[in-house]
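# What the coordinates show
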Amino acid sequence: MNSKTIKLYDEKPYETEFEATVLSCTESDRKQGQYRLVLDRTQFFPEEGGQTPDRGYICQEGSSEEISVIDVQIKGDIIYHYIDKPLTEGTTIHGKTDWNHRFSNMQQHTGEHIFSGIVNSKYGYDNVGFHLSDSVVTMDYSGQLSAEELSEIERLVNRAIYENVPVIAEYPSKEELEKIDYRSKKELPGDVRIVTVTGYDVCACCAPHVRNTGEIGILKVITSQNYKGGTRVSILCGFRALDYLAREHELLNNLAQELSTSWENVPGQFRKQQDEISALKRALSEAGEKILDAEISRVPADVNHVCLFADKESDQNVIRKAVNRLVDEREGYCGIFWGDDEGGYRFIIGCGADMNSNDLLTEFKEKFKVRGGGSPAMVQGSMQEVSKDDILNIFRQHNNIDAIGEQ
Ligand SMILES: [Zn+2]
């Protein structure tokens, strides 16, 4: 039987190397060729409380071969290390955890404590969900926090970081625990570990934290959204925050350079360009309307079924207006197509009250790849794998003379 694994990271989260005895090493049922190792003590923090496990490796006594620790899990009081090599029971191993990964998690986690402590004392909301992945930290709060409130909390957390106050982890006695007011006050099995960020937070937690808040460096709120009636907030601390802000800054600088302006002027320059695009679209649409009007006027009076082709980028409202004009002036099917043979055509076809546009649409659907529909007075849609001549031929059959196309 395995007894309780001693959690070395509890007392000494800054140490990375340790010696331990192999209590058992059995084939894992998760994956072939993977083994489940139990040690009498470990520095590897398991996946627990929403936090990813430590990374690192172990070596057998007298060997320099580094065996990677793939995963670390905890069940009850026993910690399981997943490795891809069998080890002999009773032998000694030397373990080493990945310090950068561990320290980053300590920064993120301690930052989260201060953030949640301030949210709790200032607004009374609880942290009801926590996830610390290798890329982002998310917290779910039981109440709604506005952008202004989040920005204020961010400022307060960073002030707590600069104050460099001590972070203390301890196991109080049952009597002492009853007197302490702490977050996450659930019925926890076994001893409760209380983590205190002096002046900011008292919370039950099993993970490693930094010794003083200054080591967090910086906390930045990355995103927030409404979530199940509360707020989901994602944050980053330390180097992860610095890396994120550096990427963001580089992106903004590149954008500013593209726009030949300073980064502060990027939003204004962007809006200006949007306005220019809108104005150009309007002008293009007006020009398209004039061209179509001129073409309609050129169609001989004895042509009843009219087929015209318009520019690929035409505005659908302009096309509809032109089809309406044609329907008023002619007695047959009046269709306008815009696009090209390669990418296909979009179309609007109309006709007078004594005809049905769907009849012509059916003819198209029988011969080509057509999507669309509408009322007897007007149909619209798109067609693929069809040429301008194919379309004109359909109209020619109705007119017995050449339909008029775009020249
Ligand atoms: Zn914690």
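Residues numbered from 1 in each chain as written. Predicted model: local features only at pLDDT ≥ 70, side-chain atom pairs only at ≥ 80, totals over all residues. Heavy atoms only, no water.

### Regarding the domain arrangement of the protein
The condition that has to hold: The source of the domain bounds is an automatic or database domain assignment. Buried area adds together the accessible area that both of two parts lose upon being put together, with accessible area traced by a 1.4 Å probe. One speaks of a salt bridge when a side-chain nitrogen belonging to Lys or Arg is within 4 Å of a carboxyl oxygen belonging to Asp or Glu. Contacts described as polar in this section are N or O atom pairs within 3.5 Å, which, within protein, must combine one atom able to donate a hydrogen with one able to accept it, while residues neighboring in sequence count only if both atoms come from side chains.
Per the domain assignment, the segments of the protein are domain 1 (6–97), domain 2 (102–246) and domain 3 (292–399). Carbon and sulfur atoms supply 42% of the area that domain 1 and domain 2 bury against each other, a total of about 1,500 Å² over both sides. Per-residue buried area on domain 1 facing domain 2 is highest for Asp10, Tyr14 and Gln51; these three make up 41% of the total on that side. Along the contact surface separating domain 1 from domain 2 lie three salt bridges. With its nearest N and O atoms 3.0 Å apart, the salt bridge here joins Asp10 to Arg193. The tally of links between domain 1 and domain 2 comes to 12 residue pairs in polar contact (both at pLDDT 80 or more).

### Quick look at the sheet that holds strand E16 (residues 230–237)
Condition: What makes two strands pair is DSSP finding at least two bridges between them. We count a stretch as a helix when DSSP gives it H or I for four or more residues in a row; a strand needs E for two or more, and each element gets its number in order from the N terminus. Each axis is a line fitted through C-alpha atoms, and for a helix only the stretch in contact is used; angles between axes span 0 to 180 degrees, taken between their N-to-C directions.
Judged by pairing direction, the sheet is antiparallel, and its four strands sit side by side in the order E10-E11-E16-E15 without closing on themselves. Taken across any chain shown, the strands that pair with only one partner, and hence form the sheet edges, are strand E10 (127–132) and strand E15 (219–227). In this sheet, adjacent strand axes meet at a mean angle of 20° when their direction is disregarded. Where strand E11 (residues 137–141) meets E16, five bridges bridge the pair, whose relative direction is antiparallel. Across the sheet, residue Val137 finds its bridge partner in E16, namely Ile235.

### A short note on the coordination of the zinc ion
For clarity, the threshold we go by: For Na, K and Ca the donor cutoff is 3.2 Å, while for all other metals N, O and S atoms must lie within 2.8 Å; water is not among the atoms, so some sites may look incomplete. Every angle between 85 and 135 degrees makes a four-donor site tetrahedral, while opposite donors more than 155 degrees apart, with all other angles between 65 and 115, make a four-donor site square planar and a six-donor site octahedral; other sites are irregular. Under the scheme applied here, a residue whose accessible area is under 20% of the maximum for its type counts as buried, over 50% as exposed, and between as partly exposed, the area being computed with a 1.4 Å probe on protein chains only.
Coordination sphere of the zinc ion, protein contribution only: His109 (NE2), His113 (NE2), Cys205 (SG) and His209 (NE2), at 2.0 to 2.2 Å. Here the zinc ion binds four donor atoms, and the angle range of 94 to 127° at the metal identifies the geometry as tetrahedral. Within one chain, the residues serving as donors to the zinc ion are arranged as H-x3-H-x91-C-x3-H. With a gap of 96 residues between them, His113 in helix H2 (residues 99–123) and His209 in the loop between strand E14 (201–204) and E15 connect regions that are remote in the sequence. On the basis of relative accessible area, His113 is assigned to the buried category, the value being 1%.

### Examining the pattern of salt bridges
All told, the structure shown has 14 salt bridges when counted by the stated rule. Across the salt bridge formed by Asp134 and Arg55, the nearest N and O atoms sit 2.8 Å from each other. Linking Asp134 in the loop between E10 and E11 with Arg55 in the loop between strand E4 (41–42) and strand E5 (56–60), this pair joins segments that are 79 residues apart in sequence. Residue Arg55 is classed as partly exposed on the basis of its relative accessible area, which comes to 39%. When the shortest N-O distance is used, the salt bridge between Asp293 and Arg325 registers 2.8 Å. Highlighted residues: Asp293 in helix H6 (residues 266–298) and Arg325 in helix H7 (residues 316–329), separated in sequence by 32 residues. Judged by its relative accessible area of 32%, Asp293 falls in the partly exposed class.

### A word on H6
Quick reminder of the rule: One less than the number of residues in a helix, times 1.5 Å, gives the span that helix is expected to have. Throughout, a contact is declared for two residues whenever any of their heavy atoms are within 4.5 Å.
When the terminal C-alpha atoms of H6 are compared, their 48 Å separation across 33 residues agrees well with the 48 Å that a helix rising 1.5 Å per residue should span. All buried positions along H6 are accounted for by Val266, Ser285, Leu292, Glu295 and Ile296. On its buried face, H6 is in contact with helix H5 (238–258), strand E17 (306–310), H7 and strand E18 (334–340).

### Remarks on the sheet that holds strand E13 (residues 194–197)
Ordered in space as E12-E13-E14, the three strands form an open sheet in which the pairing is antiparallel. Both edges of this open sheet fall to strand E12 (167–170) and E14, since each of them pairs with a single strand only. Within this sheet the neighbouring strands show an average axis-to-axis angle of 15°, counted without direction. Relative to E13, E12 is paired through four bridges, and the arrangement is antiparallel. If you follow Ala169 over to E13, its bridge partner there is Val195.

### Some words on the pairing of E15
As defined by bridge partners, E15 adjoins E16 across eight bridges and the pair is classed as antiparallel. Bridge pairing in E16 places Asn226 opposite Thr231. Once E15 ends, the chain turns through two residues before running back antiparallel as E16, passing Lys228 with a positive phi of about 45°.

### Some remarks on the packing of helix H8 (residues 357–367) against helix H9 (residues 388–399)
Going by this rule: Working rule for angles: under 35 degrees goes down as roughly parallel, over 145 as roughly antiparallel, 65 to 115 as roughly perpendicular, anything else as oblique. Note: crossing handedness is left-handed where the near helix turns anticlockwise from the far helix by less than a right angle, and right-handed where it turns clockwise. Residue polarity is assigned by list, with Asp, Glu, Lys and Arg as charged and Ala, Val, Leu, Ile, Met, Phe, Trp, Tyr, Cys and Pro as nonpolar; anything else, Gly included, falls into the polar class.
Their axes nearest at 11 Å, the elements H8 and H9 cross at an angle of 135°. Comparing the axis directions of H8 and H9 gives the class oblique. Crossing of H8 over H9 shows right-handed handedness. Across from Leu360, Glu363, Phe364 and Lys367 in H8, the residues of H9 making contact are Ile391, Ile394, Phe395, Gln397 and His398. Across the contact of H8 with H9, the residue classes break down as five nonpolar, two polar and two charged.

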